[in-house]
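A closer look at the structure
Here are the chains, one letter per residue:
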Amino acid sequence: MRDPSVTGDGPRPAPPLLAVAHGSRDPRSAAAVEALFERVRALRPEADVRVSYLDHTAPSVRDALASLAAEGAGEVVVLPALLTAAYHSKVDLPKVLERARETGPWVRVRYAGTLGPHPGLVAAVERRLAEAGATAAPDTALVVASAGSSDPGANATVESVAAELAARGPWREAVAAFASAARPTPAEAVAAAYARGARRVAVATYLLAPGFFADRVREQAEAVTVAEAEAVAEVVGPVGSTEVAGAEGAAGSTVVSEALGAAPELAEIVWERYDAALAERHVLV
């Protein structure tokens, strides 16, 4: 079948960007994703930017790609709007794209990298912490909480973010936590930080959008009790009760930041990933 985008009217426009987010039953999630890509569009108003979802939310990847094919697109850059490279970006989305291309086999798909890891995400985390009122200090521990994954590499990416934030300091310590599939959980990480002597604990929500996992992070982090912190202290070593209790006598995170959402750093990363995909010498999908 002939590529319908081939014309004799000069150079073709830049390929559309098709972002693929995870999707959620929680409407706050899609709203946050759409807000991010409105910021992406604002950086390059001439660009064709579409958003699709793997699950729960319309349009699906298949429908979005079919629309682009019907409109005559000959090439598209697909961007996994995910903070880490794990099952969804390595296995799930490529399979979805393979099936979706049946509706427009002439469409060349360039597969961009996930949003993370990237130094800009560290800056976005710091932005959200500052907005929540968290301040790095020698008596304040930082917990970087993500959804968690069965992929060790994805979890290692979150640990590297925590390490980078610790190096930028001056946090007392910075550790990773996971709302599912791995440990420590946010509650365990907060309790352990108090048990090791932190006077305050700040929790960075390392998630793209609000929803189930963001709520779990907040609920667990804010629910830690003095008794739980003291129980952890028995494992990590003796800590005085005053240190475990924290500044106000009650353990629990001092502050939990919001999901990264439409942070400007993420919008810039999107275009960096797009440009890198176009610079590749071959079509990946």
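Scope of this entry: the structure provided in the associated data block.

Remarks on the overall build of the protein chain
- Helix and strand content of the protein chain: 10 helices and eight strands.
- When the 285 residues of the protein chain are sorted by exposure, 51% land in the buried category.
- At a minimum sequence separation of 6, the contacts of the protein chain that also span at least 24 residues come to 80%.
- For the protein chain, the exposed area adds up to about 12,900 Å²; of that, 54% sits on carbon and sulfur atoms.

Considerations on the environment of Glu98
- Inspection of the secondary structure puts Glu98 in helix α3 (residues 87-100).
- Residue Glu98 is classed as exposed on the basis of its relative accessible area, which comes to 60%.
- A C-alpha to C-alpha distance of 9.8 Å links Glu98 and Val109, two positions 11 residues apart in sequence.

Points about helix α5 (residues 152-168)
- The end-to-end C-alpha distance of α5, which contains 17 residues, comes to 24 Å, matching closely the 24 Å that a straight helix rising 1.5 Å per residue would cover.
- Of all the positions in α5, only Ala154, Asn155, Thr157, Val158, Val161, Ala162 and Leu165 are classed as buried. Down the axis of α5, the buried set is contained in an arc of 150 degrees. They therefore lie on one face. Opposite the buried face of α5, at more than 90 degrees from it, the exposed residues are Pro152 and Ala167.
- Where the residues of α5 are buried, they touch α4 (119-132), β5 (140-146) and β6 (173-178).
- Of the residues one or two after α5, Gly169 is the one with positive phi, at around 40 degrees.

Quick word on the sheet that holds strand β2 (residues 49-53)
- Across the sheet, four strands lie side by side as β2-β1-β3-β4; this open sheet has parallel pairing. Pairing within the sheet leaves two strands with one partner each, and these edge strands are β2 and β4 (108-111). Averaged over all pairs of adjacent strands, the angle between strand axes in this sheet comes to 30 degrees, irrespective of strand direction.
- Of the strand pairs in this sheet, strand β1 (residues 17-21) and strand β3 (residues 75-80) are connected by four bridges, and their pairing is parallel. Bridging across to β3, Val20 finds its partner in Pro80.
- Contacts from helix α1 (residues 27-43) reach β1, β2 and β3, with the element oriented near 160 degrees to β2.

Rules used in this analysis
Residues numbered from 1 in each chain as written. Predicted model: local features only at pLDDT ≥ 70, side-chain atom pairs only at ≥ 80, totals over all residues. Heavy atoms only, no water. Helix = DSSP H or I, 4+ residues; strand = E, 2+ residues; numbered from the N terminus. Buried < 20%, exposed > 50% of the residue type's maximum accessible area, 1.4 Å probe, protein only. Contact = heavy atoms within 4.5 Å. Areas by Shrake-Rupley, 256 points an atom, 1.4 Å probe, with all protein chains shown as cover. Expected span 1.5 Å × (residues − 1). Arc of directions from axis to C-beta. Pairing = 2+ DSSP bridges. Axes fitted to C-alpha atoms, helices over the stretch in contact; angles between N-to-C directions.

Everything listed here is a matter of geometry and, on its own, says nothing about what the molecule does.
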